[in-house]
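The residues making up each chain are set out below.
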Amino acid sequence: MNIYIFSVIIMLFVYLIIWKNVKQGKLGVRDSILWIVLSTIMGLIVWQYSWLDWLAAQLNVAYAPSLLFLIAIIVCLLFILDLMIRLNDLQKKHVKLAQTVALLESERKEQQ
Amino acid sequence: MRKPVLLIIPAYNEEQVIRGTLDDVLAFQQQEPFFDVIVVNDGSRDSTKQIIEQYVPRIYTVHLPHNLGIGGAVQTGYQYAHRHQYEYAVQFDADGQHVIEELKKMYDVIEKTKSDMVIGSRFKEKTAYKGAVSRRVGIAFFTYFIYLFTGKKIMDPTSGFRIKNRRVIEAFAYDYPSDYPEPEVIVTGQRKGWRIDEISVEMRPRQGGSSSIHSWKTVYYMMKVSLAVVKEWSK
């Protein structure tokens, strides 16, 4: 098996996992789009690897795969940033919820 | 019948000191019955909850389902004050650092000056307070850091012993920093046009437990508070 077939198998496997998780409600439809897009880009690069060579030449990158690593790292960092923003939002909502529950419980006890 | 002032005591694993603090506070309340007391148990894992429940109905209690940190606990107190329409709210440390007798002085000042917030300060005038040199240097840094951005010089910007009126209570009930809130909210107040005054009060060293700001947390504290000040100023 060469690396191209292996990459296509991985891509299809990623699609399968995403679809399964979306169906089970473990992954939101919004988030699944990101993974589908990423997986498709990976597939395109495998299918037309000359595109990566062309892009590397434009950016004066001597070794094209290192450009792929750079792009992958940047995408990962942006993804982590997005997760941190969403985590912070959830944390704030969680604090408000915990406070509201505690205050309601306290008022219920006071009324008894 | 609710009193005009709500004394908010956040407590997290304070079993060693909470009884002494509550005894002092309630003894003072007998002499000067102008305030109610609420203890916000911030998800303590020791016997703090059982101890404070022994003081009900002389105090109000709120038990948070788990530890939210000092900001979340104090904000719960402000939410309680806001829901019950208290005129003023005061944060009071459970560890025995704050002297309850000074509350009357702060209450009289805020009533007289109609300030939005009055800060009880260890450094406005010379007091008996003896803190570590490193701590004093850190506090002085924030005094001048805040002054640089706001033009307001608060000699004890880290003091949590503050009395606030309804306007501030409402704002804090809605939004309050999650940790190390004291210096940051001074900048918030300046930005919102609150009148903030500072008066000299006596404080003691903590009577038990350990400070949340130690070792590597000092670096985090300095960075977090400095960034928060700049963030608030730039809003």
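For the structure itself, look to the data block above.
What you see is a predicted model; the values in this text were computed from it and never measured.

## Observations concerning the interface of chain A and chain B
Part 1 of the reasoning: If you look at the interface, chain A gives 12 residues, while chain B gives 19 residues.
Part 2 of the reasoning: Of the roughly 1200 Å² buried between chain A and chain B on both sides combined, carbon and sulfur atoms contribute 53%.
Part 3 of the reasoning: When the buried surface of chain A facing chain B is broken down by residue, Gln 99, Leu 103 and Glu 110 of chain A rank first, second and third, together holding 40% of it.
Part 4 of the reasoning: Between chain A and chain B we count 2 salt bridges in total.
Part 5 of the reasoning: The partner of Arg 2 of chain B in a salt bridge is Glu 110 of chain A, and the shortest N-O contact between them spans 3.1 Å.
Part 6 of the reasoning: Linking chain A with chain B are 12 residue pairs in polar contact (both at pLDDT 80 or more).
Part 7 of the reasoning: For the side of chain A that touches chain B, the class distribution of residues is 5 nonpolar, 3 polar and 4 charged.

## What about the pairing of strand E7 (residues 196–200) of chain B?
Residue and element names in this part refer to chain B.
Part 1 of the reasoning: Summarising burial for E7: 5 of the 5 residues are buried, a large majority.
Part 2 of the reasoning: Burial along E7 is two-sided: the face carrying Ile 196, Glu 198 and Ser 200 and the face carrying Asp 197 and Ile 199 are both buried.
Part 3 of the reasoning: Sheet topology note: the strand E5 (residues 117–121)/E7 ladder contains 5 bridges and is parallel. Bridged to Ile 119 within E7 is Glu 198.

## Some words on the sheet that holds strand E3 (residues 60–63) of chain B
All names here are of chain B.
Part 1 of the reasoning: Strands sit in the order E3-E2-E1-E4-E6-E5-E7 across an open sheet of 7 strands; the sheet is mixed. Since the sheet does not close on itself, it has two edges, and those belong to E3 and E7, each with one partner. Recorded for the sheet is a direction-independent mean angle of 20° between the axes of neighbouring strands.
Part 2 of the reasoning: Pairing geometry for strand E4 (residues 88–91) and strand E6 (residues 162–165), over 3 bridges, is antiparallel. Counterpart to Val 90 in the pairing with E6 is Ile 163.
Part 3 of the reasoning: The sheet contacts of helix H1 (residues 18–31) involve strand E1 (5–11) and strand E2 (35–41), and relative to E2 the element is tilted by about 165°.

Reading the values: the criteria
Residues numbered from 1 in each chain as written. Chains lettered and ligands numbered in written order. Predicted model: local features only at pLDDT ≥ 70, side-chain atom pairs only at ≥ 80, totals over all residues. Heavy atoms only, no water. Contact = heavy atoms within 4.5 Å. Buried area = accessible area lost by both parts, 1.4 Å probe. Salt bridge = Lys/Arg side-chain N within 4 Å of Asp/Glu carboxyl O. Polar contact = N/O pair within 3.5 Å; in protein donor to acceptor, adjacent residues only side chain to side chain. Nonpolar A, V, L, I, M, F, W, Y, C, P; charged D, E, K, R; others polar. Buried < 20%, exposed > 50% of the residue type's maximum accessible area, 1.4 Å probe, protein only. Helix = DSSP H or I, 4+ residues; strand = E, 2+ residues; numbered from the N terminus. Pairing = 2+ DSSP bridges. Axes fitted to C-alpha atoms, helices over the stretch in contact; angles between N-to-C directions.

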